[in-house]
Amino acid sequence: IMGNQQKKLEDDGFVLVGRITLQPPASFLVHFDRPEAQSWGPALYAFRIGGEVVRIGKTKSSLKNRTNEWKRLVSNALMGNFQKGGTNPWEAFEWQRRLTKYRHGEFLARRGPTLEERALIQRYDPPLCNDSPCARLRPAIERGVKGINGVSAAKAYWQSLNRS
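Visitor: How would you explain the overall build of the protein if you had to name every residue and give the values?
Guide: Helices and strands together make up the secondary structure of the protein, namely 5 helices and 5 strands. Along its sequence from the N terminus, the protein presents helices and strands in the succession α-β-β-β-β-α-α-β-α-α. Relative to a compact globule of 164 residues, whose C-alpha radius of gyration would be 15 Å, the protein shows 15 Å and is just as compact. Taking contacts inside the protein between residues at least 6 apart in sequence as the whole, the part at least 24 apart equals 66%. Only carbon and sulfur atoms are counted for the fraction: they give 53% of the accessible area of the protein, which is about 8200 Å². In the protein, the 27 positive side-chain charges and the 15 negative ones have mean positions that sit 5 Å from each other.

Quick look at the structure:
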C-alpha cells in the first residue's frame, strides 16, 4: 500500500521540492532541492516519511515563509518549549521518532489554489495532521496545545513520552 500511496501524491499534482531532516538534539530542518519552489504560494505541501504521507498543509504566502514557521515551531517543541497553537508533544515525538528511523523525509508541494487541502487530508489521512480522521481518534492532549493549562500540560506530557 505504501508504494500505491506514493504514486497517488504525484498523481494529485505534487512534485518533490526538498526534504526534511532532524539535526540533533532538536532542530527540525527543511531543505529546498528546488530553490524556485521557495517563492511558490499560494500552495499545498506534504511531508512523506518512509513512504507514508504524514502531513498535508497549505500556505497563502510562500513555501519559504511557511517552512520557516515549521522549523521554528517543531524545533521549539523538540526542545520542550510548547506554545498555544504550536506543535503538540505527541506530534513532536512522532516527528522525532520517524525522522530518527528513516533519517529524512520528502517535502512535496503543488503550486496554486489550496481549496483541495481538506479533501486531500481526508484521502490520505496523514497521522501528523491534527484534524485528519485518524487524529480525531486521539485524546485532546495529543492533538494540540490549548486552554488555560495547555502549555504546562504539554510539558508534562512531553516528559512522560520521553521517559517511556
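Next comes the rest of the description.
Visitor: Got a sec to walk through the nonpolar core? Specific residues and values, please.
Guide: With 32 residues, the main nonpolar core has Ile20, Phe28, Phe47, Leu63, Leu78, Trp95 and Phe107 as its most contacted residues. Elements represented by at least two residues in this core include exactly strand E1 (15-23), strand E2 (27-32), strand E3 (43-49), helix H2 (63-78), helix H3 (89-102), strand E5 (105-111) and helix H5 (150-163). Not counting residues up to four positions away in its chain, the partners in contact with leucine 78 are Leu22, Ala26, Phe28, Ala92, Gln96 and Trp158. Residues Leu9, Ala46, Leu108 and Leu120 belong to the second largest nonpolar core, which totals 11 residues.

Visitor: Residue-level account of the sheet that holds E3, with values.
Guide: The pairing of strands in a sheet happens through backbone hydrogen bonds and is either parallel or antiparallel. On the basis of which strands lie adjacent, the open sheet formed by 5 strands has the order E2-E1-E5-E3-E4 and antiparallel pairing. Of all strands in the sheet, those with a lone pairing partner are E2 and strand E4 (52-59), marking the two edges. The mean angle between the axes of side-by-side strands here comes to 25°, regardless of whether they run parallel or antiparallel. Here E1 runs beside E2; their pairing, made up of 6 bridges, is antiparallel. Pairing of glycine 18 across the sheet is with phenylalanine 32, part of E2.

Visitor: An account of the side chain of threonine 21 is requested, with residue identities and associated values reported.
Guide: Inspection of the secondary structure puts threonine 21 in strand E1. Assessed through its relative accessible area of 14%, threonine 21 is described here as buried. Polar contacts involving the side chain of threonine 21 include one to the side chain of histidine 31, which spans 2.7 Å. What threonine 21 contacts, discounting residues up to four positions off in sequence, is Ser27, Phe28, Leu29, His31, Leu99, Arg103 and His104.

Visitor: So what's going on with the pattern of salt bridges? Which residues, and what values?
Guide: Counted by the stated rule, this structure contains 14 salt bridges. Ionic pairing is found between glutamate 36 and arginine 34, a salt bridge with its closest N-O pair at 3.0 Å. The class for glutamate 36 is partly exposed, based on a relative accessible area of 44%.

Visitor: Explain the packing of H2 against H3 to me, and be specific about the residues and the numbers.
Guide: Between two packed helices, what matters for the description is the angle formed by their axes and the separation of those axes. Viewed as axis vectors pointing N to C, H2 and H3 meet at an angle of 95°, and their least axial separation amounts to 9 Å. If you check the angle between H2 and H3, you find them roughly perpendicular. Along its contact with H2, which presents Trp70, Val74, Ala77 and Leu78, the element H3 presents Glu91, Ala92, Trp95 and Gln96. Residues that form the contact of H2 with H3 fall into these classes: 6 nonpolar, 1 polar and 1 charged.

What counts, and at which threshold
- Residues numbered from 1 in each chain as written.
- Predicted model: local features only at pLDDT ≥ 70, side-chain atom pairs only at ≥ 80, totals over all residues.
- Heavy atoms only, no water.
- Helix = DSSP H or I, 4+ residues; strand = E, 2+ residues; numbered from the N terminus.
- Rg over C-alpha atoms; globule rule 2.2 N^0.38 Å.
- Contact = heavy atoms within 4.5 Å.
- Areas by Shrake-Rupley, 256 points an atom, 1.4 Å probe, with all protein chains shown as cover.
- Lys, Arg positive; Asp, Glu negative; His and termini not counted.
- Charge placed at Lys NZ, Arg CZ, Asp CG, Glu CD.
- Core = buried A, V, L, I, M, F, W, Y, C linked by side-chain atoms within 4.5 Å.
- Buried < 20%, exposed > 50% of the residue type's maximum accessible area, 1.4 Å probe, protein only.
- Pairing = 2+ DSSP bridges.
- Axes fitted to C-alpha atoms, helices over the stretch in contact; angles between N-to-C directions.
- Polar contact = N/O pair within 3.5 Å; in protein donor to acceptor, adjacent residues only side chain to side chain.
- Salt bridge = Lys/Arg side-chain N within 4 Å of Asp/Glu carboxyl O.
- Parallel < 35°, antiparallel > 145°, perpendicular 65-115°, else oblique.
- Nonpolar A, V, L, I, M, F, W, Y, C, P; charged D, E, K, R; others polar.

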